Every structure is written in C-alpha cells, then in structure tokens.
Amino acid sequence: AEVRKTDSGTTMKADAQFVDLNIAGNDIPVDVGPNTTIHIANLGYVTLNEQKSVAVDGFMHGIQVIALHIVLDTAKAGLPIGAEIQVGVSQAIVWG
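Here's a quick rundown of the structure. Predicted, not measured: the structure shown is a model, and the values here were computed from it.

As for the pattern of salt bridges
Counting across every chain of the model gives one salt bridge. The residue Lys52 makes a salt bridge to Glu50 at a minimum N-O spacing of 3.4 Å. Classification of Lys52 as partly exposed rests on a relative accessible area of 42%.

Structure below.
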C-alpha cells in the first residue's frame, strides 16, 4: 500500500501478487484483480487482493490491502462461523 501527497493532490495505490497459488482447484494468476472473491462450498469465501480506501479531504487519505482474506460460513478447526483469517495486511495513511 502506498499513499503520496503532493502539491497537486494525493495518490493511492495498492497491489498484492501471488506465486503458485491454488484455491479449491483454481490456479490464481500472479496479478489477480482487486477484490477478487471465490466462494468455497462448506467453508466460506476467500477475497484476494482486497483493497479498501478511505479519504476525508483535507484531513487524511489511506488505503489498506489484504492479500488473502478468508471468512468462514461454517465452523472449522475450532473456529466459529464468521471467523476471519487475514494474511498479508498492509496499510498506508497520510494526514493533512
């Protein structure tokens, strides 16, 4: 995640890349698009390259990237329904 503030404005960019990732039999490309979601029966869903931005003009600009975000819709391995697993989390914020 990267946020830059200059005299001409603020820019934000984010990205996550994967190598040899396979989810539920699906090969995932290295440069998977932002907020790609895969639903997996009897597990939940996985969001890849999840990107969330926030901006309050004149106050702050920020972006967060979660490379791999799993949300369970079934209790698994001692984890309850609704449990979240986040891997590769990065965020950047600039104030002012």
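Here the narrative resumes, following the displayed structure.
A short note on the nonpolar core
Soluble globular proteins tend to pack their nonpolar side chains together in the buried interior. In terms of nonpolar packing, the biggest core is built from 21 residues, with Phe18, Ile23, Ile28, Val46 and Leu48 touching the most fellow members. Within the residue set of this core, elements represented by two or more residues are strand E3 (21-23), strand E5 (36-40), strand E6 (44-56), strand E7 (60-72) and strand E8 (84-95). No other element matches E7, which puts six residues into this core. What Phe18 contacts, discounting residues up to four positions off in sequence, is Ile28, Pro29, Val30, Val32, Leu48, Asn49 and Ala67.

Describing the pairing of E5
Here five bridges tie E5 to E6, and the two strands are oriented antiparallel to one another. When the bridges of E6 are listed, Thr37 appears paired with Thr47. Where E5 hands over to E6, the hairpin turn is made up of three residues, of which Asn42 adopts a positive phi near 60 degrees.

A word on the pairing of E6
Inspection of the sheet shows E6 paired to E7 by twelve bridges, in the antiparallel sense. Looking at the pairing, Gln51 lines up with Val65 of E7. Connecting E6 to the antiparallel partner E7 that follows it, the hairpin turn spans three residues, and Gly58 within it adopts a positive phi of roughly 80 degrees.

Some thoughts on the side chain of Thr47
Within the secondary structure, Thr47 sits in strand E6. Within the structure, Thr47 has its side chain in polar contact with the side chain of Thr37 (distance 3.3 Å).

Side note on unusual backbone geometry
In the Ramachandran plot, Ala24 falls in the positive-phi region, its phi being about 50 degrees despite a non-glycine side chain. With respect to the secondary-structure elements, Ala24 resides in the loop between E3 and strand E4 (26-28). On the basis of relative accessible area, Ala24 is assigned to the exposed category, the value being 56%.

Analysis parameters
- Residues numbered from 1 in each chain as written.
- Predicted model: local features only at pLDDT ≥ 70, side-chain atom pairs only at ≥ 80, totals over all residues.
- Heavy atoms only, no water.
- Salt bridge = Lys/Arg side-chain N within 4 Å of Asp/Glu carboxyl O.
- Buried < 20%, exposed > 50% of the residue type's maximum accessible area, 1.4 Å probe, protein only.
- Core = buried A, V, L, I, M, F, W, Y, C linked by side-chain atoms within 4.5 Å.
- Helix = DSSP H or I, 4+ residues; strand = E, 2+ residues; numbered from the N terminus.
- Contact = heavy atoms within 4.5 Å.
- Pairing = 2+ DSSP bridges.
- Polar contact = N/O pair within 3.5 Å; in protein donor to acceptor, adjacent residues only side chain to side chain.

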